[in-house]
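One-letter residues, chain by chain:
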Amino acid sequence: SGPLARCASVFMLVHMMVSYTIANQVLARAMLLLSGCTTGLEPGLTGRLIWFTQTSAQALFAIVLSNAIPLFDDFVSVIGGLLSTQFSFVF
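Here the structure is a predicted model, which is why all the values come from computation and not from measurement.

Cut-offs and rules
- Residues numbered from 1 in each chain as written.
- Predicted model: local features only at pLDDT ≥ 70, side-chain atom pairs only at ≥ 80, totals over all residues.
- Heavy atoms only, no water.
- Helix = DSSP H or I, 4+ residues; strand = E, 2+ residues; numbered from the N terminus.
- Expected span 1.5 Å × (residues − 1).
- Buried < 20%, exposed > 50% of the residue type's maximum accessible area, 1.4 Å probe, protein only.
- Contact = heavy atoms within 4.5 Å.
- Polar contact = N/O pair within 3.5 Å; in protein donor to acceptor, adjacent residues only side chain to side chain.
- Axes fitted to C-alpha atoms, helices over the stretch in contact; angles between N-to-C directions.
- Left-handed = near helix turned anticlockwise from the far one by under 90°.
- Nonpolar A, V, L, I, M, F, W, Y, C, P; charged D, E, K, R; others polar.
- 1 Å grid on protein atoms, 1.4 Å probe; cavity = no way out; pocket = protein on both sides within 12 Å on 5 of 7 lines; lining within 4 Å.
- Points joined across faces, edges and corners; volume = space filled by probe spheres on them.

This part is about helix H2 (residues 45-68). Taking 1.5 Å of rise per residue, 24 residues should cover 34 Å, and H2 covers 34 Å from first to last C-alpha, within 8% of that figure. Within H2, the full set of buried residues consists of Gly 47, Gln 54, Thr 55 and Gln 58. At its buried positions, H2 is contacted by helix H1 (3-35).

Structure below.
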């Protein structure tokens with residue numbers, strides 16, 4: 001709980017923000033392509049507004065889901081334990 005732990009916590013927070021942002025962008029693009037709404041991928045104000053709406057909705061859904069499930073930490077641990085080996089071999 002000293003200054004070194006606080007520094008490590010700040011670095012972990014930055015790492016999580018960057019990782020989530022990268023993963024969220026890939027997922028948003030895939031969802032727009034699958035839905036057929038390619039306007040969100042085009043340059044211009046309309047494309048940026050659609051992109052912003054899509055990525056904001058995904059972030060809001062993630063927040064609601066993580067807060068709606070009681071014991072979310074245990075749920076993530078079980079899913080990670082069950083699927084980490086399969087994902088390691090597949091990807």
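Another aspect to go through is the environment of Gln 54. As for its placement among the helices and strands, Gln 54 is situated in helix H2. We classify Gln 54 as buried; its relative accessible area is 18%. Taking the C-alpha atoms as reference points, Gln 54 and Pro 43, separated by eleven residues in sequence, lie 15 Å from one another. When near neighbours in sequence (up to four residues on either side) are disregarded, Gln 54 contacts Ala 28, Met 31 and Leu 32. Polar side-chain contacts of Gln 54 include one of 2.9 Å to the side chain of Gln 58.

The subject of this paragraph is the packing of H1 against H2. Where H1 contacts H2, the two axes come as close as 10 Å, and the packing angle between them is 120 degrees. Between H1 and H2 lies a crossing of right-handed hand. Contacts between H1 and H2 involve Tyr 20, Asn 24, Gln 25, Leu 27, Ala 28, Arg 29, Met 31 and Leu 32 from the former and Ile 50, Trp 51, Gln 54, Thr 55, Gln 58, Ala 59 and Ala 62 from the latter. In the contact of H1 with H2, the residues fall into nine nonpolar, five polar and one charged.

Before going further, it helps to examine the layout of surface pockets. In this structure, the largest pocket occupies an estimated 320 Å³ of space. Lining the largest pocket are Tyr 20, Ala 23, Asn 24, Leu 27, Met 31, Gln 58, Phe 61, Ala 62, Leu 65, Ser 66 and Phe 72. Contributions of two or more residues to the lining of the largest pocket are made by H1 and H2. For the lining of the largest pocket, the class distribution of residues is eight nonpolar, three polar and no charged.

Purely geometric stuff here, so don't read any function into it on its own.
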